[in-house]
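Okay, here's what each chain looks like letter by letter:
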Amino acid sequence: MALLSKKDTNLILDPLADNNPITIQVLGICSALAITAELKASIVMAISVLFVMGMGNVVISLMRNIIPSKIRIIVQLIVVAALVIMVDQVLKAFAYELSKTLSVFVGLIITNCIIMGRFEAFALANGTWRSFLDGIGNAAGYGVILIIIGFFRELLGSGTLLGYKVLGDPITKTGLYAIGYENNGFMLLSPMALIVVGLIIWVQRSRNKALIEEN
Amino acid sequence: MAINTEKNSYTVIFAAIMVVIVGSLLAFIASSLSEKIGENQRLEKQQNILYAMGVNENVDEGSVNFVSTDKVAAEFEKYIKEQLVIQGDKITKDDNAYLIDLKKQETEAKAGNVRKLPLFVGEKDGKTYYIIPMRGKGLWDAVWGFMALDDNMVVQGVFFDHKGETPGLGANINQRYFMDDFTGESILDNNRYVGISVAKGNNDPINERKDDNAVDALAGATITGDGVSAMIRQTVNLYKPYLETIRAKK
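No experiment lies behind these values; they were computed from the predicted model shown.

Residue placement: Thr11 of chain B occurs in helix H1 (residues 8-52). Only 3.0 Å separates the side chain of Thr11 of chain B from the backbone oxygen of Lys7 of chain B, close enough to count as a polar contact. Residues in contact with Thr11 of chain B, not counting those within four places in the same chain, are Pro68, Lys70 and Ile71 of chain A together with Thr5 of chain B.

Next up, the structure:
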């Protein structure tokens, strides 16, 4: 028997494109705007959300039959907050440098609507394995968009990728800067992230007409 | 038998058990990792102090690489000759001065007590460096750093860091292109202690002018820049009496 049935594969692949949490469900936009000025920050955020959402979905799914419905949102919040604190503590002890980058985003992970949304919509009603796949799939869909936005913002805004100067040196005027290229400071501001998200949505919907809603 | 999860008593018991489990789990993780985390923070402080006086492992002109953690304790011993604690007129030597928490000292000062000011005297290639730690407010949270001065009150190097400034904007105060601009600037203007301001639009992007007590600001990070300026000004004022004695000795 294959490890993943067709349905299981769809749980992972759907959120990557046709049911992407950011571009289709329009969730998690706030963090996508706030932290994508650098590619490194986008990648770190994507990895942390992957862990928190995968584990969180498993925990909520395991507890789904014993959670009192009246306090289920609080229970979900406690689970995600506890996971985020654990990740942060472990990173502080074993990957101190990375934890300093991550600590800024801890609050953002806890308040990320995609995580609470998946707990509420999927993990509370499905088995552990499928919930895990759903968590991983949605986090990956979120991460892919974050990395795309981070890539363009850092490249066009600072002329670097992961801190490496890829377009030349803006001060000594080498590379592209030698022929008059200037960094676009607007790319580093949050509104530009929204425009990049808009462009991704545009590209995605023009490639797949089925995604366009009928009025 | 199915559990009735709708009963109030069940909800209360569930909440209580959950709080106890999650609380103990987090407490266990925090306490078992606290020693390792504390050690990381101590090494980081030593790395930052050494970085300010130019002891680092930078490979090119853009990188910020500290002395590696396995070597930092030995290097700190080698380069930092004296650690002083200044408290009012009293100056004492203390080998753990780098562990003084500036935030706590600020609270002490607000409560009317005299604060402890740590200062590190480093020596490299026959030259003496006076390294001052500092702490201030950025846009979102704390910013802090170390500034190495020579006995003419000219900056020999700085290190800045922050807790939660905006990535790509204010967070860039810990980047080389910003920190390197401080080297060569004087904190004195005609014998007055003015510090160094992070100035917007001073038409000096590569900071060629070293006599204007200003470095070029980070685009889009006005408040973080103002925070760094204020932090330097306030710290220089606090250390002024001691800095005067250094200049007098010269």
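Let us keep going from here.
All names here are of chain B. Mapped onto the present numbering, the UniProt feature "modified residue: FMN phosphoryl threonine" (unreviewed entry) falls at Thr222. Mapped onto the secondary structure, Thr222 falls in helix H5 (residues 222-249). The class of Thr222 is partly exposed, set by a relative accessible area of 38%.

Another aspect to go through is the pattern of salt bridges. All names here are of chain B. Scanning all chains against the criterion turns up 13 salt bridges over all chains. Between Asp180 and Arg176 there is a salt bridge, with its nearest N and O atoms 2.7 Å apart. The salt bridge involving Asp189 is made with Arg192; its shortest N-O contact spans 3.8 Å.

This paragraph deals with the UniProt feature "domain: FMN-binding" (unreviewed entry) in chain B. Per the UniProt entry, the sites bearing "domain: FMN-binding" (unreviewed entry) are residues 138-239 of chain B in this numbering. With 22% helix and 25% strand, residues 138-239 of chain B has its two end C-alpha atoms placed 21 Å apart.

On to the packing of helix H7 (residues 113-123) of chain A against helix H8 (residues 128-158) of chain A, then. Residue and element names in this part refer to chain A. One can describe the packing of H7 onto H8 by two numbers: an axis separation of 11 Å at closest approach and a directional angle of 150 degrees. As judged from the angle between their axes, H7 and H8 are roughly antiparallel. Considering how the two elements wind past one another, H7 and H8 form a crossing that is right-handed. Where H7 approaches H8, its residues Ile114, Arg118, Phe122 and Ala123 are matched on the opposing element by Arg130, Ser131, Asp134, Asn138 and Tyr142.

This part is about the nonpolar core. One broad rule of soluble globular proteins: the nonpolar side chains tend to lie buried together. Core analysis: the biggest nonpolar cluster contains 48 residues, and Ile22, Val49, Val52, Ile115 and Ile149 of chain A have the highest contact counts within it. Contributing elements (two or more residues each) for this core: helix H2 (29-34), helix H3 (39-62), helix H4 (72-94), H7, H8 and helix H9 (190-207) of chain A together with H1 of chain B. Not counting residues up to four positions away in its chain, the partners in contact with Val49 of chain A are Gly54, Ile109, Asn112, Ile115, Ala139 and Tyr142 of chain A. Membership of the second largest hydrophobic core comes to 42 residues, among which are Leu84, Leu119, Val215 and Ala221 of chain B.

All names here are of chain B. Strand order in this open sheet of six strands is S2-S1-S3-S4-S5-S6, and the pairing throughout is antiparallel. The open sheet has two edge strands with one neighbour each: strand S2 (90-93) and strand S6 (155-162). Here the strands of the sheet are splayed against their neighbours by 25 degrees on average, with no regard to which way each runs. Running over the sheet, helix H2 (residues 69-79) touches strand S1 (80-87) and strand S3 (117-124) and is turned about 75 degrees from S1.

A few words on the side chain of Asn40 of chain B. Within the secondary structure, Asn40 of chain B is located in helix H1. Residue Asn40 of chain B is classed as buried on the basis of its relative accessible area of 13%.

Residue and element names in this part refer to chain A. UniProt records the feature "transmembrane region" (unreviewed entry) for residues 41-62, 74-95, 101-119, 131-152 and 185-203 in the present numbering. The span residues 131-152 carries 100% helix and 0% strand; its end-to-end C-alpha distance comes to 32 Å. The span residues 185-203 carries 74% helix and 0% strand; its end-to-end C-alpha distance comes to 24 Å.

Opposite the 31 residues of chain B that make contact, chain A presents 32 residues. Run the count over chain B and chain A and you get zero salt bridges. Our count for the chain B to chain A interface comes out at seven residue pairs in polar contact (both at pLDDT 80 or more). Its residues placed into classes, the side of chain B that touches chain A shows 16 nonpolar, eight polar and seven charged.

Positive phi outside glycine occurs at Val26 of chain A, with the angle close to 50 degrees. Checked against the element boundaries, Val26 of chain A lands in the loop between helix H1 (6-13) and H2. A positive phi angle, close to 70 degrees, is found at Asn191 of chain B, a residue other than glycine.

So, on to H2 of chain B. All names here are of chain B. Along H2, the residues classified as buried are Val72, Glu75, Phe76 and Tyr79. Looking straight down H2, one finds its buried side chains confined to an arc of 105 degrees; they lie on one side. Projecting away from the buried face of H2 at angles above 90 degrees are the exposed residues Asp70, Ala74 and Glu77. Looking at the buried side of H2, the elements it contacts are H1, S1 and S3.

Turning our eyes to something else, we now look at the packing of H3 of chain A against H8 of chain A. All names here are of chain A. Packing of H3 against H8 leaves a shortest axis separation of 8 Å and a crossing angle of 165 degrees. Put simply, H3 runs roughly antiparallel to H8. For the pair H3 and H8, the sense of crossing is right-handed. Of the residues belonging to the contact of H3 with H8, the class tally is 17 nonpolar, 10 polar and three charged.

Looking now at the environment of Gln204 of chain A. All names here are of chain A. Along the polypeptide, Gln204 turns up in helix H9. The class of Gln204 is buried, set by a relative accessible area of 15%. Spatially, the C-alpha atom of Gln204 lies 34 Å from that of Val79, the residues being 125 residues apart in sequence. Among residues more than four places away in sequence, those in contact with Gln204 are Ala17, Asp18, Thr23, Ile24 and Leu211. For Gln204, the side chain forms a polar contact with the side chain of Thr23, separated by 2.7 Å.

Rules used in this analysis
- Residues numbered from 1 in each chain as written.
- Chains lettered and ligands numbered in written order.
- Predicted model: local features only at pLDDT ≥ 70, side-chain atom pairs only at ≥ 80, totals over all residues.
- Heavy atoms only, no water.
- Helix = DSSP H or I, 4+ residues; strand = E, 2+ residues; numbered from the N terminus.
- Polar contact = N/O pair within 3.5 Å; in protein donor to acceptor, adjacent residues only side chain to side chain.
- Contact = heavy atoms within 4.5 Å.
- UniProt positions renumbered as here; feature names shortened; annotations may be inferred.
- Buried < 20%, exposed > 50% of the residue type's maximum accessible area, 1.4 Å probe, protein only.
- Salt bridge = Lys/Arg side-chain N within 4 Å of Asp/Glu carboxyl O.
- Axes fitted to C-alpha atoms, helices over the stretch in contact; angles between N-to-C directions.
- Parallel < 35°, antiparallel > 145°, perpendicular 65-115°, else oblique.
- Left-handed = near helix turned anticlockwise from the far one by under 90°.
- Core = buried A, V, L, I, M, F, W, Y, C linked by side-chain atoms within 4.5 Å.
- Pairing = 2+ DSSP bridges.
- Nonpolar A, V, L, I, M, F, W, Y, C, P; charged D, E, K, R; others polar.
- Arc of directions from axis to C-beta.

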